Amino acid sequence: MVVVEQTRVALGTLFPDSHPTAVSSEEDNQGTAPREVGILVTDPAKHGHHIDVLCRPDQVVAVARIMDGEGYFLESISGVDWPDRQQFEIIYDYNRLGGEHCRVMVRTLMDRNQPVVPTITEVFPAADWHERETFDFYGIHFQDHPNLIRILLPEDADFYPLRKDYMP
Amino acid sequence: MTVPVSPRHDETFVLNLGPQHPATHGVLRVKLTMDGEYIVKAEPVLGYIHRMHEKLAEASTFAQFMPNTARMDYLHALAFNHGWALVVEKAAGIEVPERAEYIRVITVELNRIASHLLWWAAFLLDLGGFTPLLYAFDDREKIIDLLERITGSRLTYCYMRFGGVYNDIDDEFIKGTRDFIKRLRGRMPRLYHDLVTHNIILIKRIKDIGIISAEQCRRYGATGPVARGSGIDYDVRKHEPYSVYPEFDFDVPVFNEGDSMARYMVRMHEMEQSMRIIEQALDKLPEGPVMAKVPKVLKPGAGYYYSAVETARGSLGHRLVCNGDKNPYKLKLRSPTFSNLSLYGEVAEGMLLADALALMGSLDLVIPEIDR
């Protein structure tokens, strides 16, 4: 638990107002409902991640720099569409290559009509393809990405298939 | 040999490697900017076998998606079965009988050996050696026959269920597996190592070729034998233990050189470790049911879930978002080779074309898994 605590403290500098709380598995039933930005310590046996961070879109680069400094690697980037709330969500998963295991889930929410988030390719080149994939499937724009073109779909595709309102 | 090149831009040309090329083992295209025989820039182009499994997952129930998992990494399909079963069991809180987990581990490890054998055969074929392929396929055939007996299929398995496995193993399978391990152990030193590993032609082709540093692995998120060949001691089975792996005594082979030879050696040693795991699992195999009582329709609680397994190529992750419905709300498949291949452009820069193909082979690419 040393690494989990260390990471929580390092990330805590970004959220001076919030009070990170450990959540026991009984009351660990927050679901997917929106909450305030901040850090939650979660039960890895139940969720598969130790820390759940919700940040503002303009904070993702700062978070990535902290994770880079703590020796993490970027595992994946996933987009989620929430049409009811008119929001897109991006989930960044960070993990450690060996040593004590700690997975950090970083989430950020943005307006569905203006999906823009800064790129973290400067910090993690791994983000290059993952961000291109998220752009490809959701149409989320990663600001200052060096090569934001479609990666898996044909280059002339004019649709974003993982949006919930997309009908093939 | 990697030679620093100063490209004379007026004399470079673009070479398309693939999408139909024997060395890419599938439909991968690499756009190479060449200066003579040296690579100035390598740009993988993906998506030729993209099927959008993530959208298919959202349209199907949890159980309906199980056959899809085997159609991504067709060489280590059981690990993909296992990963999907584990993440849904985590989300739905399903307990799996111990015997079922043992059988899962036995079949997944057998499948891992089969995957490494096929990689070995195909890698040597890339480098111009045809005979090894015949030895490897001979051994791989034995594994496929064993798995066919209990799973019902030879390549794209759909063997695991939420809460267990579809079929129990019998004495004939156990005996066949023990015989196979004895046979492979007997053939390994002479046919695999004397003929190939210690072969001077192979050593000259892959030693010090395509060096990947540990820091590059971390920045690009490379896992599996690629990371372990660069001195990173990371194996999901050890560092994020799942299933019944903590009960077995096995080592994680790590080599520090970071070249293609190191990745080759990691996989050769992993086959022996997989055999050790299978033997221990067969010795300790508990009695009992192979399937838990599970509701027909699963509705995991709303929330975010992640589960990782170690496939033959690295860490496979499932990022699952549920909203309490009978379909996954969102599933992201973190396939290992997608991240492993992303460092190719940086590493191949300045290499000879023939060496870059040796590097590509040593990454062990399975294209349907990259494209999903």
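Our subject is the structure listed above.
What comes next concerns the included structure.

Quick notes on the rules
Residues numbered from 1 in each chain as written. Chains lettered and ligands numbered in written order. Predicted model: local features only at pLDDT ≥ 70, side-chain atom pairs only at ≥ 80, totals over all residues. Heavy atoms only, no water. Helix = DSSP H or I, 4+ residues; strand = E, 2+ residues; numbered from the N terminus. Rg over C-alpha atoms; globule rule 2.2 N^0.38 Å. Buried < 20%, exposed > 50% of the residue type's maximum accessible area, 1.4 Å probe, protein only. Contact = heavy atoms within 4.5 Å. Buried area = accessible area lost by both parts, 1.4 Å probe. Salt bridge = Lys/Arg side-chain N within 4 Å of Asp/Glu carboxyl O. Polar contact = N/O pair within 3.5 Å; in protein donor to acceptor, adjacent residues only side chain to side chain. Expected span 1.5 Å × (residues − 1). Axes fitted to C-alpha atoms, helices over the stretch in contact; angles between N-to-C directions. Parallel < 35°, antiparallel > 145°, perpendicular 65-115°, else oblique. Left-handed = near helix turned anticlockwise from the far one by under 90°. Nonpolar A, V, L, I, M, F, W, Y, C, P; charged D, E, K, R; others polar. Phe/Tyr/Trp six-rings, centres within 6.5 Å; stacked < 30°, edge-to-face > 60°.

**Brief notes about the overall build of chain B**
Turning to step 1, where the next piece is worked out: Within chain B one finds 15 helices and eight strands.
Turning to step 2, where the next piece is worked out: A compact globule built from 372 residues should have a C-alpha radius of gyration of about 21 Å, and chain B, at 21 Å, falls within 12% of that.
Turning to step 3, where the next piece is worked out: Dimensions along the principal axes, computed over C-alpha positions, put chain B at roughly 70 × 50 × 30 Å.
Turning to step 4, where the next piece is worked out: Buried positions account for 63% of the 372 residues belonging to chain B.

**Regarding the interface of chain A and chain B**
Turning to step 1, where the next piece is worked out: Taken together, the contact pairs 50 residues of chain A with 42 residues of chain B.
Turning to step 2, where the next piece is worked out: Sorting the residues of chain A by area buried against chain B places L97, W129 and L152 of chain A first, and these three jointly supply 19% of that buried surface.
Turning to step 3, where the next piece is worked out: Inspection of the region where chain A meets chain B yields six salt bridges.
Turning to step 4, where the next piece is worked out: Here D68 of chain A ties to R218 of chain B by a salt bridge, and the two come within 2.7 Å at their closest N and O atoms.
Turning to step 5, where the next piece is worked out: At the boundary of chain A and chain B, one finds 24 residue pairs in polar contact (both at pLDDT 80 or more).
Turning to step 6, where the next piece is worked out: Among the secondary structure elements, those contributing two or more residues to the side of chain A that touches chain B are α2 (44–47), β4 (72–82), β5 (87–96), β6 (104–111) and α4 (127–138) of chain A.

**Some thoughts on helix α3 (residues 77–92) of chain B**
Residue and element names in this part refer to chain B.
Turning to step 1, where the next piece is worked out: The terminal C-alpha atoms of α3 lie 23 Å apart, and with 16 residues this matches the ideal 22 Å at 1.5 Å per residue to within 8%.
Turning to step 2, where the next piece is worked out: Counting buried positions over the 16 residues of α3 gives 14, a clear majority of the element.
Turning to step 3, where the next piece is worked out: Downstream of α3 by one or two residues, G93 has phi in the positive range, about 65°.

**Some words on the packing of helix α4 (residues 98–126) of chain B against helix α11 (residues 260–284) of chain B**
Residue and element names in this part refer to chain B.
Turning to step 1, where the next piece is worked out: Where α4 contacts α11, the axes come no closer than 9 Å and their chain directions differ by 155°. Taken together, α4 and α11 sit at an angle that is classed as roughly antiparallel. Taken as a pair, α4 and α11 cross one another with a handedness that is left-handed. In contact with Y102, V105, I106, E109, L110, R112, I113, H116, L117, W119, W120 and F123 of α4, α11 contributes Y264, R267, M268, E270, M271, S274, M275, I277, I278, A281, L282 and K284.
Turning to step 2, where the next piece is worked out: Of the residues that constitute the contact of α4 with α11, the class distribution is 17 nonpolar, two polar and five charged.

**Remarks on the packing of aromatic side chains**
Aromatic ring pairs are defined here through the distance separating the ring centres and the angle between the ring planes.
All names here are of chain B.
Turning to step 1, where the next piece is worked out: Inspection of the entire model under this criterion finds 17 aromatic pairs over all chains.
Turning to step 2, where the next piece is worked out: With 6.1 Å between their ring centres and 20° between their planes, F62 and W84 make a pair best called stacked. Of this pair, F62 sits in the loop between α1 (53–59) and α2 (66–69) while W84 sits in helix α3; the two residues are 22 residues apart in sequence, bridging distant segments of the chain. W84 carries the same exposure label as F62, and that label is buried.

**A word on the environment of L148 of chain A**
Residues and elements named next belong to chain A.
Turning to step 1, where the next piece is worked out: Following the sequence through the fold, L148 ends up in the segment after β8 (141–143).
Turning to step 2, where the next piece is worked out: Remark: the alpha-carbon pair of L148 and D128, spanning 20 residues in sequence, is separated by 8.4 Å.
Turning to step 3, where the next piece is worked out: Those residues in contact with L148, other than ones at most four positions away along the chain, are E131, R132, F135, H141 and F142.

**Let's talk about the pattern of salt bridges**
Residues and elements named next belong to chain B.
Turning to step 1, where the next piece is worked out: Counted under the stated rule, the structure contains 48 salt bridges over all chains.
Turning to step 2, where the next piece is worked out: The partner of E148 in a salt bridge is R154, with the nearest N and O atoms 3.0 Å apart.
Turning to step 3, where the next piece is worked out: Judged by its relative accessible area of 32%, R154 falls in the partly exposed class.

**With respect to unusual backbone geometry**
All names here are of chain B.
Turning to step 1, where the next piece is worked out: Positive phi is not limited to glycine here, since S243 has a value of about 55°.
Turning to step 2, where the next piece is worked out: Mapped onto the elements, S243 comes out in the loop between α10 (236–239) and α11.
Turning to step 3, where the next piece is worked out: On the basis of relative accessible area, S243 is assigned to the partly exposed category, the value being 22%.
Turning to step 4, where the next piece is worked out: The backbone of R372 shows a phi angle near 50°, a positive value even though the residue is not glycine.
Turning to step 5, where the next piece is worked out: Of the residues examined, R372 reaches a relative accessible area of 3% and is grouped as buried.

**Examining the side chain of T119 of chain A**
All names here are of chain A.
Turning to step 1, where the next piece is worked out: With respect to the helices and strands, T119 occurs in the loop between β7 (116–118) and α4.
Turning to step 2, where the next piece is worked out: On the basis of relative accessibility, which here comes to 7%, the residue T119 falls in the buried class.
Turning to step 3, where the next piece is worked out: In this structure the side chain of T119 is engaged in a polar contact, spanning 2.5 Å, whose partner is the side chain of E131.
Turning to step 4, where the next piece is worked out: Setting aside anything within four residues of it in sequence, one finds T119 in contact with V61, E131, F142, Q143, D144 and H145.

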